[in-house]
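Breakdown of the fold
Each chain is listed here by its residues.
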Amino acid sequence: MEKMDGLRIGGSDYQSRLIMGTSGYPNFDVMLRALEMAGVEMATVALRRVTLSGAEENLFNMLQTRGYTILPNTAGCYTAKEAILTAQLAREALGTELIKLEVIGDDATLFPDVEQLLSAAGTLVKDGFTVLPYCNDDPITCKKLEDLGCAAVMPLGAPIGSGMGIRNPYNIEIIRDSVSLPLIVDAGVGTASDATVAMELGCDGVLLNTAVAKARQPVMMAEAMRKAIEAGRLAFLAGRIPKKLYATASSSWEGMIR
């Protein structure tokens, strides 16, 4: 079998197309085993939800000493100003230009505030950050983020933590056709088949957290997600047959005995 093709983000190459979060696990040991089983190279950490001293500091140390690329995120920010400050603190604390940009509009849906997101993205790109923005599954917003210079676009598949899967595959396909940046589905994945669907639609990767962290068997689900990503990517590269309303015989009628 051919070697799986890699993913390039902000000048760096990754073999894994799966990115995983680090919150909500029963303990650090389960989290680390899940990350290893998933084969991920990049893990995201909410900077505003951990401290940089005391016990929580071990999270960053554990990830760094095991060779994971840390993707700090601005979860919990509701304005561009908050997100920009959080990104700057992350760069200072972790020495990375990578930032997963989240600017939330409300607590009920956790949908992005597009106006504030675009404002923060523009400022951070100019400041030298490699910006990976969490956004709505809106082709226009994704195109604007590309024009601002973001390193990827990360539209939601469904609300954060909902596990509802890819609710609007048509928009994901339009986004794939509209932008040349890496397209990574972020939020809504609930099980392995959701990840496969995202990859079959042409996404370059999937970012997830709750689907693994809150599974009955997180490590087992992490393995399922890794295999789902691989299967979906291979299916996309192989090219599916077109959908048709009526049947087509798989064997030709020519030469059949009548």
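Here's a quick rundown of the structure. Predicted model, so just to flag it, every value in this text is computed and none were measured. (Residues numbered from 1 in each chain as written. Predicted model: local features only at pLDDT ≥ 70, side-chain atom pairs only at ≥ 80, totals over all residues. Heavy atoms only, no water.)

Next up on the list: the overall build of the protein chain. A tally of regular secondary structure across the protein chain gives nine helices and ten strands. Counting only C-alpha atoms and orienting by the principal axes, one finds that the protein chain spans roughly 80 × 40 × 35 Å. Here the protein chain holds 258 residues, and 48% of them are scored as buried. Sequence separation of at least 24 residues holds for 63% of the intrachain contacts in the protein chain that already meet a minimum separation of 6. (Helix = DSSP H or I, 4+ residues; strand = E, 2+ residues; numbered from the N terminus. Buried < 20%, exposed > 50% of the residue type's maximum accessible area, 1.4 Å probe, protein only. Contact = heavy atoms within 4.5 Å.)

By the definition in use, this model includes ten salt bridges. The salt bridge partner of Arg 91 is Asp 127, with a shortest N-O separation of 2.8 Å. With a gap of 36 residues between them, Arg 91 in helix 3 (residues 80-94) and Asp 127 in the loop between helix 4 (114-126) and strand 7 (130-135) connect regions that are remote in the sequence. Under the relative-accessibility criterion, Asp 127 is labelled partly exposed at 33%. Bridged by salt links that share partners, the residues Arg 17, Arg 176 and Asp 204 form one connected network. (Salt bridge = Lys/Arg side-chain N within 4 Å of Asp/Glu carboxyl O.)

In short, shape yes, function no, at least from these values alone.
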